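Listed below are the residues making up each chain.
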Amino acid sequence: PRWINTRISSFSSRVSRLVSTTRIVDRRIRNYLWLSEALANLPNSRRLFPELPDGVVPYIFPLIVDQVDPAFVNLRKRGVPLMRWEFLDDGVNNDTCETSCYYSRHLVQIPCHQELRQEELEWMVDNIRQELSIQDRIGENDQAASQHT
């Protein structure tokens, strides 16, 4: 692409000199680790990376959810700012990249950026816990119903 060799704008250059990268790195790591602990024992889900490798600065917290729909949609309706890789290129299927297909159906990305306040993290986790607990109860009810038929 044409932009690949484009220099940074003077505005972006000035902004980058004014921000504290140490603060950004520290807050993102702290938020990630807090989310990892808070989401450790949720039903029907698992943390993709419970620990952060040394030197990694995350932009999201990845959570694998067994049945991402309708949980993802319900959480978005509540205002929880989750993301997903819902749509893959037409050429991507289980034969070309099984992992990409799996992640598109199960991976939820939870923000952990440096500007999140503790009460915002807690609110997101409370909503995620509620929704996954509801999905867990629905799954248990479906399982009980199928055993009686």
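The rules behind the values
- Residues numbered from 1 in each chain as written.
- Predicted model: local features only at pLDDT ≥ 70, side-chain atom pairs only at ≥ 80, totals over all residues.
- Heavy atoms only, no water.
- Helix = DSSP H or I, 4+ residues; strand = E, 2+ residues; numbered from the N terminus.
- Rg over C-alpha atoms; globule rule 2.2 N^0.38 Å.
- Buried < 20%, exposed > 50% of the residue type's maximum accessible area, 1.4 Å probe, protein only.
- Contact = heavy atoms within 4.5 Å.
- Arc of directions from axis to C-beta.
- Salt bridge = Lys/Arg side-chain N within 4 Å of Asp/Glu carboxyl O.
- Pairing = 2+ DSSP bridges.
- Axes fitted to C-alpha atoms, helices over the stretch in contact; angles between N-to-C directions.

## Concerning the overall build of the protein chain
Line of reasoning, step 1. Per the secondary structure count, the protein chain includes five helices and three strands.
Line of reasoning, step 2. Across the protein chain, helices and strands are ordered from the amino to the carboxyl terminus as α-α-β-β-α-α-β-α.
Line of reasoning, step 3. Relative to a compact globule of 149 residues, whose C-alpha radius of gyration would be 15 Å, the protein chain shows 19 Å and is clearly more extended.
Line of reasoning, step 4. The principal-axis extent of the C-alpha atoms belonging to the protein chain is close to 70 × 40 × 30 Å.
Line of reasoning, step 5. Sorting the 149 residues of the protein chain into buried and exposed places 31% on the buried side.
Line of reasoning, step 6. Here the contacts in the protein chain between residues at least 6 apart in sequence split such that 68% fall between residues at least 24 apart.

## What about helix H3 (residues 68-77)?
Line of reasoning, step 1. Listed as buried for H3 are Val68, Ala71, Phe72 and Leu75. Projected down its long axis, H3 shows its buried positions confined to an angular sector of 95 degrees, all on one face.
Line of reasoning, step 2. At the C-terminal side of H3, glycine 79 shows a positive phi close to 95 degrees.

## Focus on the pattern of salt bridges
Line of reasoning, step 1. Evaluated as defined, the whole model comprises six salt bridges.
Line of reasoning, step 2. Of the charged contacts, one joins arginine 84 and aspartate 69 as a salt bridge, the two residues approaching to 3.1 Å between their closest N and O atoms. Of this pair, arginine 84 sits in the loop between H3 and helix H4 (94-106) while aspartate 69 sits in helix H3, placing them 15 residues apart in sequence.
Line of reasoning, step 3. Assessed through its relative accessible area of 44%, aspartate 69 is described here as partly exposed.
Line of reasoning, step 4. Connected via shared salt-bridge partners are Arg117, Glu119 and Glu120.

## Description of the sheet that holds strand E3 (residues 107-111)
Line of reasoning, step 1. The strand order across the open sheet built from three strands is E1-E2-E3, with neighbouring strands paired in antiparallel fashion. The sheet terminates laterally at strand E1 (45-47) and E3, the two strands that pair on one side only. For this sheet, the mean inter-axis angle between neighbouring strands, taken without regard to orientation, is 30 degrees.

These results come straight from atomic positions and should not be treated as a statement about function.
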